[in-house]
Amino acid sequence: GKQSLTRLAAFVSGFSLAQLVISATYGVSELKRDLQAMYRRCGVRGESTLFLLTDQQIADERFLVYINDLLSSGEIPGLFPPEDVDEIVAQMRPLMKRERRFEGKADCWAAFLARVRAKLHVALSFSPVGEAMATRTRRFPALINCAVIDWFMPWPEEALVS
């Protein structure tokens, strides 16, 4: 249902789809690694990407700290170590030069984050049933404040036929 529609929307929009592959050992460090890869794909390579996250993929509530930051500002503090930031800045410099923009470290980093904000789209597929959603939205307000909510209801029979 919801995930299938999200995948279809990504395909129709020409976006690549990113989704977490949760295992028994998947934790915060693996989430950070996956987010880093998505950020690089969007910010450096300029690929439009749809990140699909379901409530079943939240193996650790600390994941939502990162998702909250992603949704609210697009910048996740401490996501990249300093040496990775330097590498990203170096990869952004040719783009900045082509666009005749300043090539300072802060300018390149700001351009990288701007491209991430423009190219990385997040689709949360959460069930509103139960207390988990209410608790999560109280603790992480960007899940509501920085999102558009689509409620999926059953389709009427005549709509499916026509």
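Okay, so let's go over this structure. The structure presented is a predicted model; accordingly, all values stated were derived computationally and were not measured.

Criteria and cut-off values
Residues numbered from 1 in each chain as written. Predicted model: local features only at pLDDT ≥ 70, side-chain atom pairs only at ≥ 80, totals over all residues. Heavy atoms only, no water. Pairing = 2+ DSSP bridges. Helix = DSSP H or I, 4+ residues; strand = E, 2+ residues; numbered from the N terminus. Axes fitted to C-alpha atoms, helices over the stretch in contact; angles between N-to-C directions. Contact = heavy atoms within 4.5 Å. Phe/Tyr/Trp six-rings, centres within 6.5 Å; stacked < 30°, edge-to-face > 60°. Buried < 20%, exposed > 50% of the residue type's maximum accessible area, 1.4 Å probe, protein only. Patch = residues over 30% accessible without salt bridge, like charges linked within 9 Å, V, L, I, M, F, W, Y side chains within 5 Å. Areas by Shrake-Rupley, 256 points an atom, 1.4 Å probe, with all protein chains shown as cover. Salt bridge = Lys/Arg side-chain N within 4 Å of Asp/Glu carboxyl O. Lys, Arg positive; Asp, Glu negative; His and termini not counted. Parallel < 35°, antiparallel > 145°, perpendicular 65-115°, else oblique. Nonpolar A, V, L, I, M, F, W, Y, C, P; charged D, E, K, R; others polar.

### Structural notes on the sheet that holds strand S1 (residues 16-19)
Stage number 1. Within the open sheet, the three strands sit side by side as S1-S2-S3. Their pairing is parallel. In this open sheet, the two edge strands, each paired with only one partner strand, are S1 and strand S3 (120-125). Strand-to-strand twist in this sheet, taken as the mean axis angle between neighbours without regard to direction, amounts to 25°.
Stage number 2. With six bridges connecting them, strand S2 (residues 49-54) and S3 associate as parallel partners. Counted as the bridge partner of Thr49 is Leu120 from S3.
Stage number 3. Most of the contacts of helix H5 (residues 105-119) go to S3, to which it runs at about 45°, and overall it touches S2 and S3.

### Some details on the packing of aromatic side chains
Any two aromatic rings considered together are summarised by their centre-to-centre distance and by the angle between their planes.
Stage number 1. Summed over all chains, the structure comprises six aromatic pairs.
Stage number 2. Pairing Tyr26 with Phe63 gives two aromatic rings, centres 5.8 Å apart and planes at 75°, and the pair type is edge-to-face. Separated by 37 residues along the polypeptide, Tyr26 in the loop between S1 and helix H2 (28-43) and Phe63 in helix H3 (residues 63-72) bring together distant segments of the chain. Just as Tyr26 is buried, Phe63 falls in that class too.
Stage number 3. Here the aromatic cluster, defined as three or more aromatic residues joined through ring pairs, consists of Tyr39, Phe80, Trp109 and Phe112.

### Quick word on a nonpolar patch on the surface
Stage number 1. On the surface, a cluster of nonpolar side chains totalling about 570 Å² of accessible area is made up of Leu5, Leu8, Phe11, Val12 and Phe152.
Stage number 2. For Leu8, a relative accessible area of 49% gives the class partly exposed.

### Overview of the pairing of S1
Stage number 1. Looking at chain direction, S1 and S2 are connected through four bridges and run parallel. Residue Leu17 lies in a different strand from S2, and its bridge partner there is Leu50.

### With respect to the side chain of Arg41
Stage number 1. Mapped onto the secondary structure, Arg41 falls in helix H2.
Stage number 2. Buried charge without a partner: Arg41 forms no salt bridge, and the closest opposite charge is Glu47, 4.0 Å away.

### Quick word on the packing of H2 against H3
For any two helices packed against each other, one specifies the inter-axial angle together with the distance between the axes.
Stage number 1. It is the contact of H2 with H3, at a shortest axis distance of 10 Å, that shows an interaxial angle of 25°. With respect to H3, the axis of H2 lies roughly parallel. The segment H2 lies against H3, with Val28, Leu31, Lys32, Leu35 and Tyr39 engaging Phe63, Tyr66 and Leu70.
Stage number 2. Grouping the constituent residues of the contact of H2 with H3 by class yields seven nonpolar, no polar and one charged.

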